[in-house]
Amino acid sequence: QFLKKEISVWCDKFFYFCFMSDFISFNSSKLFFGPLTETNFGGILKEKFPDSKFVILTDENVAEHWVEYLSTEFDSLHGCEIIQLPPGEENKNIEICTSVWEALSEYVISRNDVIINLGGGVITDMGGFIASTFKRGLRFINIQQHFWRR
């Protein structure tokens, strides 16, 4: 089902931001396309996750350009934990996942908290897997790198 503009269909575990212009909604998932400011990203974080801690999962290349913007532009992300992974497909492995699970445990992340996967395919693939397997599943948001614009 393809829909344009505003609709109130949310899933408890999955949001996906691609940042172009509109969004697609299917069952209880919602995919946004458009700049962060047009998707009301900050409002969504406050409304849907008011008592949650956030962790940004990204790679070293993306972190250099985007993490500061996200963590300063959106109040809910001030002081959030940031986990930077080495870039590249060769780093998509269980050893990296294990190190992220250990970091999430050290940060005392609970099932009520949210992982924001900020990057390309390696980050969003691994981040979704990590979130879905940590403590029987965390909510997560994917922000795809190749659709970014402010």
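Calculation notes
Residues numbered from 1 in each chain as written. Predicted model: local features only at pLDDT ≥ 70, side-chain atom pairs only at ≥ 80, totals over all residues. Heavy atoms only, no water. Helix = DSSP H or I, 4+ residues; strand = E, 2+ residues; numbered from the N terminus. Contact = heavy atoms within 4.5 Å. Areas by Shrake-Rupley, 256 points an atom, 1.4 Å probe, with all protein chains shown as cover. Core = buried A, V, L, I, M, F, W, Y, C linked by side-chain atoms within 4.5 Å. Buried < 20%, exposed > 50% of the residue type's maximum accessible area, 1.4 Å probe, protein only. Expected span 1.5 Å × (residues − 1). Phe/Tyr/Trp six-rings, centres within 6.5 Å; stacked < 30°, edge-to-face > 60°.

## Side note on the overall build of the protein chain
Secondary structure assignment for the protein chain yields 4 helices and 8 strands. Along the protein chain, from the amino end to the carboxyl end, the secondary structure elements read β-β-β-β-α-β-α-β-α-β-α-β. Residue pairs at least 24 apart in sequence account for 67% of intrachain contacts in the protein chain once pairs closer than 6 positions are excluded. Here the protein chain has roughly 7800 Å² of accessible surface; of this, 51% comes from carbon and sulfur atoms.

## What to know about the nonpolar core
Counting residues in each nonpolar core, the largest one holds 20 residues, and the members touching the most others are Ile83, Leu85, Leu104, Ile115 and Ile130. Going through the elements one at a time, strand E5 (54-59), strand E6 (81-85), helix H3 (94-106) and helix H4 (121-133) are the ones with two or more residues in this core. Sorting elements by how many residues they give to this core places H3 first, with 6 residues. When neighbours within four sequence positions are excluded, Leu85 is seen to be in contact with Leu57, Thr58, Asp59, Glu60, Ile96, Val100, Ile123 and Met126. Ranked by size, the runner-up nonpolar core spans 19 residues in total, among them Ile56, Val67, Cys80 and Ile141.

## Here's the deal with the environment of Gly119
Relative to the helices and strands, Gly119 resides in strand E7 (residues 114-119). Along the sequence, Gly119 and Leu57 sit 62 residues apart, while their C-alpha atoms lie 8.2 Å from each other.

## Overview of H4
Each turn of an α-helix holds 3.6 residues, which means side chains three or four residues apart point in the same direction. Between its first and last C-alpha, H4 extends 18 Å over 13 residues, near the 18 Å set by a 1.5 Å rise per residue. Elements that come into contact with the buried residues of H4 comprise E5, E6, H3, E7 and strand E8 (139-144). Within two residues after H4, Lys135 carries a phi angle of roughly 50°, on the positive side.

## With respect to the packing of aromatic side chains
On inspection of all chains with the given rule, the structure shows 5 aromatic pairs. Measuring from ring centre to ring centre gives 6.0 Å for Trp66 and Tyr69, while their planes differ by 85°; the resulting arrangement is edge-to-face. Highlighted residues: Trp66 and Tyr69, both in helix H2 (residues 60-73), separated by 3 residues, approximately one helical turn. Overall, the relative accessible area of 18% leaves Trp66 in the buried class. For Tyr69, a relative accessible area of 12% corresponds to the buried category. Ring plane angle 50° and centroid distance 5.9 Å describe the contact between Trp101 and Phe129, whose orientation is recorded as tilted. With Trp101 in helix H3 and Phe129 in helix H4, the pair connects residues that are 28 residues apart, well separated along the chain.

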